[in-house]
Amino acid sequence: MRQVTIIGGGSLGLLFTHFFTERGWDVHLVVRREEQRESLIKEGLTYHRGGEVQTNAVSVTTALPKNREGLFLYAMKYDDLVPLFNNLPQGPKLFIQNGIAHYDALQNEPNCFFATVEHGAKRLGDVQVLHTGEGRIRLARAKDEPKQGDILQSLEELFIIETIEPEQLLLGKVIINSCINPLTALLRVPNGHLVESISAERAMREVYDELMNVLPSMKKHVPFERVRAVCQQTATNDSSMFVDVQQGRKTELDTIVRPIIERGRLNQIPTPRLHMLYQLLTSLHER
Ligand SMILES: NC(=O)C1=CN([C@@H]2O[C@H](COP(=O)(O)OP(=O)(O)OC[C@H]3O[C@@H](n4cnc5c(N)ncnc54)[C@H](OP(=O)(O)O)[C@@H]3O)[C@@H](O)[C@H]2O)C=CC1
Ligand SMILES: CC(C)(CO)C(=O)C(=O)O
């Protein structure tokens, strides 16, 4: 049977637990808190989508079980992933975080795969997840990567497996997130505002142009029109960074914006706008 171990029982971890369970996989979830483990054992995991509600039993522990085979899917945020870098299992590992700092750290590690998730999910407490938006799950398989035939093939029912460098795939999302997330978080507006206000759109364009100075080869993959389209398609959504700010949580700036500033610094390309956005948002949780 196809086995997957999902580490992290937050919004995406619970969504993927549901996705794999309903496709008949042997799923095991690793959560951080005993309280969440007990609730999941007692109540199962409930998935909500529109009017649809499904509850399934979950196999769950607070520590990574020994002797699990198959895929290990890491579903926590970047900051919580960093302490695990030195203790990753040997088998195939899949990372679905936004941003790119995890790729920068793990790119030379064997058996690591990287995906971007365009679905939206919101955890409703410890045992319920709301599927807020459908989208693609794109998994990068580099051209020169040794064949991981079985494991990648078995993911095809859920993921789009693309022959693309993981860095290019992740940068595509980083560009969109860098244009939209910091500005919406600072202005405290939903995504649509960035194309509804002339001045906000100009500011977003300036951020985009600065990103393209650092990543010129990405312009053809993510033209400015694509960023505008995401703002329009998600017009009423609050970006994840705006939600983090509303809830007083640390944002994902260190994996979304900071790696671009670093790439600029390495190539002597100034990034004053990104630097300013980074400083302003960082200051919010330094109080
Ligand atoms: N939510 C979404 O719609 C989307 C999210 N993403 C990306 O996916 C990543 C995860 O986001 P999301 O699911 O929303 O985040 P959440 O904050 O909802 O969930 C993260 C979960 O990881 C758990 N966790 C942290 N450290 C560990 C650990 N060492 N062992 C086990 N569990 C751990 C947390 O536990 P605890 O509950 O105890 O804090 C929490 O439940 C982010 O990079 C995000 O940007 C990408 C696309 C869409
Ligand atoms: C695409 C976007 C901006 C949608 O809100 C997103 O991924 C996020 O909020 O992090």
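The protein chain is annotated in an unreviewed UniProt entry as 2-dehydropantoate 2-reductase from Savagea serpentis. UniProt lists a comment for the protein chain under the heading Pathway (unreviewed entry), and it reads "Cofactor biosynthesis; (R)-pantothenate biosynthesis; (R)-pantoate from 3-methyl-2-oxobutanoate: step 2/2." Quoted verbatim from the Function (unreviewed entry) field of UniProt, the annotation for the protein chain is "Catalyzes the NADPH-dependent reduction of ketopantoate into pantoic acid."

Enquirer: Any chance you could break down the sheet that holds strand β4 (residues 52-56) for me, citing the residues and the numbers?
Expert: Sheets are built from strands paired through backbone hydrogen bonds, the pairs being either parallel or antiparallel. Ordered in space as β4-β3-β10-β9, the four strands form an open sheet in which the pairing is mixed. Of all strands in the sheet, those bounded by a partner on one side alone are β4 and β9 (120-123). The sheet shows a mean angle of 20 degrees between the axes of neighbouring strands, taken without regard to direction. Here strand β3 (residues 45-49) pairs with strand β10 (residues 128-133) via three bridges, running parallel.

Enquirer: Describe helix α1 (residues 11-22), and please don't skip the residues or the numbers.
Expert: Note that an α-helix has 3.6 residues per turn; residues three or four places apart therefore point the same way. Counted at 1.5 Å a residue, the expected span for α1 with its twelve residues is 16 Å, and the 17 Å between its end C-alpha atoms agrees. Of all twelve residues that make up α1, nine are buried, and the element is covered over most of its length. Along α1, the residues classified as buried are Leu12, Gly13, Leu14, Leu15, Phe16, Thr17, His18, Phe19 and Phe20. Immediately beyond the C-terminal end of α1, within one or two residues, lies Gly24, with a positive phi of roughly 85 degrees.

What counts and how
- Residues numbered from 1 in each chain as written.
- Chains lettered and ligands numbered in written order.
- Predicted model: local features only at pLDDT ≥ 70, side-chain atom pairs only at ≥ 80, totals over all residues.
- Heavy atoms only, no water.
- UniProt positions renumbered as here; feature names shortened; annotations may be inferred.
- Pairing = 2+ DSSP bridges.
- Helix = DSSP H or I, 4+ residues; strand = E, 2+ residues; numbered from the N terminus.
- Axes fitted to C-alpha atoms, helices over the stretch in contact; angles between N-to-C directions.
- Expected span 1.5 Å × (residues − 1).
- Buried < 20%, exposed > 50% of the residue type's maximum accessible area, 1.4 Å probe, protein only.

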